[in-house]
Amino acid sequence: MPAVSNTSPLRYLIAVGHAELLAGLFGEILIPPGVADELSDVGAPLAVSRWIAQPPDWLRIHPLRCPPDAELIAALDRGEREAIQLTTEQKADVLIMDEWKGRAIAQHRGLPLTGALGVLGDSYRRALVDHPLEILADMRRQGFRISDQLVAKFEVLLRTRYTR
């Protein structure tokens, strides 16, 4: 089964030139139309909008069978609610999402989750990258928001959980 990605993790991995880590970890990545629209928005970095205009073979823009339910519509933006809906419909292996509100709803619904840090950690453990903290620093320079405390926890996890 494929993974489904929300906008943020994909956007920042594209911006720093490491989107292929998703394919290395999950094979195929599905995104709903709302995520594709957010990636091609005029406010997106040029590298991101160019990338989504000609996506790689491992990325598929997949339509929803049913619209998101009222809870998703009331609580989340389009990309997040469609990503949760697509994960549910496709019974995807994992939903890749960083936003806390979307993660909380997905977790409440029993959906398997990871985020950008999980992608970087698993990529390090599988030897797809050698310096995940440098990639994270690049993502932060591109605007990826993460607290210093969470970065410190990630550093500890790299030494303990994600060892090779």
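Quick summary incoming for the structure in this document. Just so we're clear, the structure is a prediction, and the values are computed from it rather than from any experiment. (Residues numbered from 1 in each chain as written. Predicted model: local features only at pLDDT ≥ 70, side-chain atom pairs only at ≥ 80, totals over all residues. Heavy atoms only, no water.)

**Some points on the nonpolar core**
Under the convention used in this document: To form a nonpolar core, buried Ala, Val, Leu, Ile, Met, Phe, Trp, Tyr and Cys residues must be joined to one another through side-chain atoms within 4.5 Å. The cut-offs for exposure are 20% and 50% of the maximum accessible area for each residue type, with area from a 1.4 Å probe on protein chains only; residues under the lower value are buried, those over the upper are exposed, and the others partly exposed. Comment: elements are numbered from the N terminus, with helices defined as DSSP H or I runs of at least four residues and strands as E runs of at least two. Only heavy atoms enter the contact rule, under which two residues are in contact if any of them lie within 4.5 Å.
Formed by 39 residues in total, the largest nonpolar core has its most connected members in Ile 31 and Met 139. Counting residues per element, this core draws most heavily on helix H1 (residues 7–15), at five residues. For Ile 31, the residues in contact, after removing those within four places along its chain, are Ser 5, Leu 10, Ala 36, Leu 39, Ile 52, Leu 59, Arg 60, Ile 61, His 62 and Leu 86.

**Quick word on the side chain of Thr 114**
If you trace the backbone, Thr 114 turns up in strand S5 (residues 113–114). The contact partners of Thr 114, leaving out residues within four places of it in the chain, are Phe 26, Val 94, Leu 95, Ile 96, Met 97, Arg 103 and Val 119.

**Concerning the packing of aromatic side chains**
Describing an aromatic ring pair means giving the distance of the ring centres and the angle of the ring planes. Inclusion rule: Stacked, tilted and edge-to-face are the three classes assigned to paired rings of Phe, Tyr and Trp, where Trp is represented by its six-membered ring and a pair needs centres within 6.5 Å; plane angles under 30 degrees give stacked, over 60 edge-to-face, the rest tilted. Working rule: Lys NZ or Arg CZ, within 6 Å of ring centre, within 35 degrees of ring normal, means a charge sits over the ring.
Counted according to the given criterion, the structure contains two aromatic pairs. Aromatic side chains Tyr 12 and Phe 144 sit 5.4 Å apart centroid to centroid with 70° between the ring planes, which places their arrangement in the edge-to-face category. In this pair, Tyr 12 is assigned in helix H1 and Phe 144 in the loop between helix H9 (132–141) and helix H10 (148–160), connecting sequence segments 132 residues apart. For the residue pair Tyr 12 and Phe 144, the accessibility class agrees, reading buried in each case. Aromatic side chains Trp 51 and Trp 58 sit 5.7 Å apart centroid to centroid with 55° between the ring planes, which places their arrangement in the tilted category. Of the two residues, Trp 51 and Trp 58, neither departs from the other in class, the shared state being buried. The lysine or arginine in question, Arg 11, covers the ring of Tyr 12, its NZ or CZ lying 4.7 Å from the ring centre.

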